[in-house]
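Results of the structural survey
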Amino acid sequence: MIMLKNEKEIDGIKESGKYLKGLFEELDSRIKAGMSTFEVDKIAHDYMKKHNCGAPCLGYYGYPAATCVSVNDTVIHGIPSRDIVLKDGDLVSVDITLEKNGFISDSTHTYEIGTVSDEVHLLNERTRKALYLGIEKAGEKGSRLFDIASAIEKYISQFGYGIVREYCGHGVGFEMHEDPLIYNYVSPRNTNSRIKRGMVFCIEPMINMGTSRIKELDDGWTVKTMDGKCACHWEHTVAIRETGLEILT
Ligand code: MF3
Ligand code: CO
Ligand code: CO
C-alpha cells in the first residue's frame, strides 16, 4: 500500500533530507585516499549523533553499520570495514538513510577517489545523469512509475552497461522501505501506477560497467558484480508536492 504524505509530512521528510544533504557536504570535503570505509561510516554516524538524527540502517535485519560503503565492484550494501582502505582511482558509493523526528530520507552519492580512469568517470557521470533523467520524468504531469524506469533504461542501454535488476528504488518517509517499488528497467511485471501528489520515493539506479549479473557474498549483505567490473549507484529522495516535484535530498 502506498502511504501518501500531506504537505506537513513532506516538510518533515524535507527536514530530514536537509540533514542528509549536510552530511554529504561534510563527506564531500573529507573523503579521500587512505581512509578506510569504516572511517567513512564513522564520519556519517558521528554527524547523525551530533545532529540528533537516527541511523535506520544500523540493526536493520542485523545490518552492522549506519551506512553502506561500496567500493569498485561492490554494487551496494558494502559493510564498512577497517580492512577496506580507499585508494587513488577507486569509485566508492556511500548510501545513507537518515531519520529526523521520525521522518526518513535516503540518498547515495558516488565519489571518485583521486583520479579515476576515463571509463570509470564516464560510468559515474552517466549513472548520475540517469538518476536525474528519472527524476525529470517523475516530475512530468501524467507520468507513471513505468516512465521513470523507461527513461533510465533508454539512456543507459546505449552505453552497453548492465542495469542491476534485483534491487530498485522504493517509497520512503515513514519507513525506510515503503511501496511502491521504483524500477530502473521496464518489465511487464512492474506495477505502473500514475505518479500522484503525496508520493515520496527514492529513485536509485544501480549501473554496472559490464554484466548486470551480481552475486551476494557470504556475509549476507555485500553485493558484487559477477564479472568484477566497476559498479555505480546514485540516489535521491523526491516528493510530489502541491507545487510539483521536489528533490528532498
Ligand atoms: N539505503 C538503502 C536503500 O537505498 C538500504 C540500506 S540497506 C541497510 O534502500 F541494510 F543498510 F539498511
Ligand atoms: Co539508500
Ligand atoms: Co533507497
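Note that the structure is a prediction, hence the values are computed from the model and not measured. Every residue gets a number counted from 1 within its own chain, in the order that chain's sequence is written. Chains carry letters and ligands carry numbers; both start at the beginning, A for chains and 1 for ligands, and go up in the order they are written. Reporting of local features is limited, given that this is a predicted model, to residues whose pLDDT is at least 70; pairs of side-chain atoms are given and counted only at 80 or more, and all residues count toward the totals for whole chains, interfaces and linings. Only hydrogens and water are set aside when side-chain values are computed; all heavy atoms of the structure are taken into account.

For Na, K and Ca the donor cut-off is 3.2 Å, while for other metals it is 2.8 Å, and in both cases only N, O and S atoms qualify; water is not among them, so sites may look incomplete. Coordination of the cobalt ion (ligand 3) by the protein comes from Asp106 (OD), His170 (NE2), Glu204 (OE) and Glu235 (OE), over a distance range of 1.9 to 2.2 Å. Square planar and octahedral sites, with four and six donors, are those where opposite donors lie more than 155 degrees apart and all other angles lie between 65 and 115, tetrahedral sites have four donors with every angle between 85 and 135 degrees, and the rest are irregular. Note that the cobalt ion (ligand 3) binds 6 donor atoms; their angles at the metal cover 48 to 173°, and the shape is irregular. On the primary sequence, the residues serving as donors to the cobalt ion (ligand 3) are separated as D-x63-H-x33-E-x30-E. The distance between the cobalt ion (ligand 3) and the cobalt ion (ligand 2) comes to 3.2 Å, with Asp106 serving as a donor to both metals. On the criterion of sequence distance, the pair formed by Glu204 in the loop between strand 8 (200-203) and strand 9 (206-208) and Glu235 in the loop between strand 12 (231-233) and strand 13 (236-241) is long-range, its members being 31 residues apart. To sort residues, take the accessible area from a 1.4 Å probe on protein chains only and compare it with the maximum for the residue type: under 20% means buried, over 50% means exposed, and anything in between is partly exposed. By relative accessible area, Glu204 is classed as buried at 6%. Numbering of helices and strands runs from the N terminus, with a helix taken as a DSSP run of H or I at least four residues long and a strand as a DSSP run of E at least two residues long.

The next thing to look at is the coordination of the cobalt ion (ligand 2). Only Asp95 (OD), Asp95 (OD), Asp106 (OD) and Glu235 (OE) from the protein reach the cobalt ion (ligand 2) as donors, at distances of 2.0 to 2.8 Å. Each donor residue of the cobalt ion (ligand 2) lies on the same chain, and together they follow the pattern D-x10-D-x128-E. You can call Asp106 buried: its relative accessible area is 3%. Among the residues examined, Glu235 registers a relative accessible area of 0% and is labelled buried.

Near, as used in this document, describes a residue that has one of its heavy atoms within 4 Å of the molecule or strand being considered. Around ligand 1 sit 14 residues, and of these Asp95, Thr97, Asp106, His177 and Glu204 come closest. A distance of 2.9 Å is found between an oxygen atom of ligand 1 and a side-chain nitrogen or oxygen belonging to Asp106. Between an oxygen atom of ligand 1 and a side-chain N or O atom of His170, the distance comes to 3.1 Å. Only protein atoms enter the calculation, which uses a 1 Å grid: trapped sets of points that fit a 1.4 Å probe without letting it out are cavities, open sets showing protein on both sides within 12 Å along at least five of seven lines are pockets, and any residue with an atom within 4 Å of a point is a lining residue. Cavities and pockets are treated as containing a molecule whenever more than half of the molecule's atoms lie within 2 Å of their grid points. More than half of the atoms belonging to ligand 1 lie within 2 Å of the grid points that define the largest pocket. Under the rule applied, a polar contact is a pair of N or O atoms within 3.5 Å (in protein, one hydrogen donor and one hydrogen acceptor; residues adjacent in sequence only if both atoms are side-chain atoms).

Further remarks concern the environment of Gly78. Note on placement: Gly78 falls in the loop between strand 2 (74-76) and strand 3 (91-100). Residues Gly78 and Val92, 14 residues apart in the sequence, show an inter-C-alpha distance of 9.7 Å. Pairs of residues are marked as contacts when any of their non-hydrogen atoms sit within 4.5 Å. Leaving out residues up to four positions away in the same chain, Gly78 has contacts with Tyr63, Thr67, Cys68, Val69 and Ser70.

With that settled, the discussion passes to unusual backbone geometry. Residues other than glycine predominantly adopt negative phi, and peptide bonds predominantly adopt the trans conformation. Here the residue pair Asp179 and Pro180 is connected by a cis peptide bond, since its omega of 0° sits within 30 degrees of zero. Mapped onto the elements of the fold, Pro180 is located in strand 7 (residues 178-182). Here Tyr61, not a glycine, exhibits a phi torsion of approximately 50°, which is positive. Considering the arrangement of structural elements, one finds Tyr61 in the loop between helix 2 (37-50) and strand 1 (67-71). What makes Tyr61 exposed here is its relative accessible area of 71%. Here Asn72, not a glycine, exhibits a phi torsion of approximately 50°, which is positive. Relative to the helices and strands, Asn72 resides in the loop between strand 1 and strand 2.

Before going further, it helps to examine helix 2. Here helix 2 is 14 residues long and its end C-alpha atoms lie 20 Å apart, about the 20 Å a rise of 1.5 Å per residue gives. Taken together, the buried positions of helix 2 are Thr37, Val40, Asp41, Ile43, Ala44, Tyr47 and Met48. One face of helix 2 carries all of its buried residues, which in axial projection span an arc of 155°. Pointing more than 90 degrees away from the buried face of helix 2 are the exposed residues Lys49 and Lys50. Summarising the contacts, the buried residues of helix 2 are in contact with helix 1 (7-30), strand 1 and strand 3. Where helix 2 ends, the next residue or the one after it, Asn52, has phi of about 55°, a positive value. The length a helix should cover is 1.5 Å for every residue beyond the first. The arc under discussion is defined with respect to the helix axis, by the directions toward the C-beta atoms.

Shape is all these values report; function is a separate question.
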